[in-house]
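One letter stands for each residue in the lines below.
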Amino acid sequence: MESVGSRLKNLRKQYNFTQEDIGKYLDYNQGQIARIENDSRKLQKSALKKLCNLYNCSEDYILYGNEEYKINNYVFRSDIHNKDLNGLVKMNKILKDIEYLNEITKDL
């Protein structure tokens, strides 16, 4: 069974982020991210929420792997330099709003 750390590592790699990128986003150092990914350090609730916003997934997915995850390829460009992870979080929020609006207006 996949662990929390393993899921986080897989998510990070899907987006081509480094441990340093995630550490900067969470205000952690690279070693702290490595320990989280190796399941030797617990993930703080505040960090969990930020990672859910970044990866556009639920807490249940990160903690338990209860649902399928699909990366939003149309938002993220793997060639992006000087990654603005907070900007990506804002884009994810906009995308969620658009998906919601599409869902509620599909029968109109």
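Everything here concerns the structure above.
The structure contained in this document is the topic of the report that follows. As the structure is a prediction and not an experimental result, all values here were calculated from the model.

### Some words on unusual backbone geometry
Excluding glycine, most residues fall at negative phi; most peptide bonds, likewise, are trans.
Right, so step 1: Despite not being glycine, Asn16 shows a phi value in the positive range, around 60°.
Right, so step 2: Counting through the fold element by element, Asn16 comes out in the loop between α1 (4-14) and α2 (19-26).
Right, so step 3: Take Asn16: its relative accessible area is 39%, and that puts it in the partly exposed class.
Right, so step 4: Backbone geometry at Asp39 places phi at a positive 60°, although glycine is not the residue there.
Right, so step 5: Looking at the element boundaries, Asp39 is found in the loop between α3 (30-37) and α4 (45-55).
Right, so step 6: A relative accessible area of 43% places Asp39 in the partly exposed class.

### Details of the pattern of salt bridges
Right, so step 1: Taken as a whole and judged by the stated rule, the model has five salt bridges.
Right, so step 2: When the shortest N-O distance is used, the salt bridge between Arg7 and Glu2 registers 3.9 Å.
Right, so step 3: Under the relative-accessibility criterion, Arg7 is labelled buried at 3%.
Right, so step 4: Looking at Glu2, the relative accessible area reads 33%, which means it is partly exposed.
Right, so step 5: Residue Lys45 pairs with Glu59 through a salt bridge whose shortest N-O separation is 2.8 Å. Note that Lys45 is positioned in helix α4 and Glu59 in helix α5 (residues 59-64), a separation of 14 residues in sequence.

### Structural notes on empty space enclosed by the protein
Right, so step 1: With the rule as written, the count across this model stands at two cavities of 30 Å³ or more.
Right, so step 2: In terms of lining residues, the largest cavity is bounded by Leu8, Arg12, Ile22, Leu26, Ile33, Ile36, Glu37, Leu51 and Tyr55.
Right, so step 3: Residues that form the lining of the largest cavity fall into these classes: seven nonpolar, no polar and two charged.

Quick notes on the rules
- Here the residue numbering is sequential within each chain, running from 1 through the sequence in written order.
- In view of the model being predicted, local features appear only for residues whose pLDDT reaches at least 70, and side-chain atom pairs are presented and counted only at 80 or more, with totals across whole chains, interfaces and linings using the full set of residues.
- Side-chain figures throughout are based on the complete set of non-hydrogen atoms in the structure, without hydrogens or water.
- Strands here mean DSSP runs of E at least two residues long; helices mean DSSP runs of H or I at least four residues long; both are numbered from the N terminus.
- A simple rule labels every residue: compare its accessible area, found with a 1.4 Å probe on the protein chains alone, to the largest value its type can have, and call it buried under 20%, exposed over 50%, or partly exposed in between.
- A pairing counts as a salt bridge when a side-chain nitrogen of Lys or Arg comes within 4 Å of a carboxyl oxygen of Asp or Glu.
- Points on a 1 Å grid over protein atoms alone make up a cavity when a 1.4 Å probe fits among them but cannot get out, and a pocket when they form an open set with protein on both sides within 12 Å along at least five of seven lines; lining residues each have an atom within 4 Å of a point.
- Grid points are joined across faces, edges and corners, and a volume is the space filled by probe spheres set on the points.
- The residue classification treats Ala, Val, Leu, Ile, Met, Phe, Trp, Tyr, Cys and Pro as nonpolar and Asp, Glu, Lys and Arg as charged. All others, Gly included, are polar.

All quantities given are derived from atomic positions and should not be read as evidence of function.
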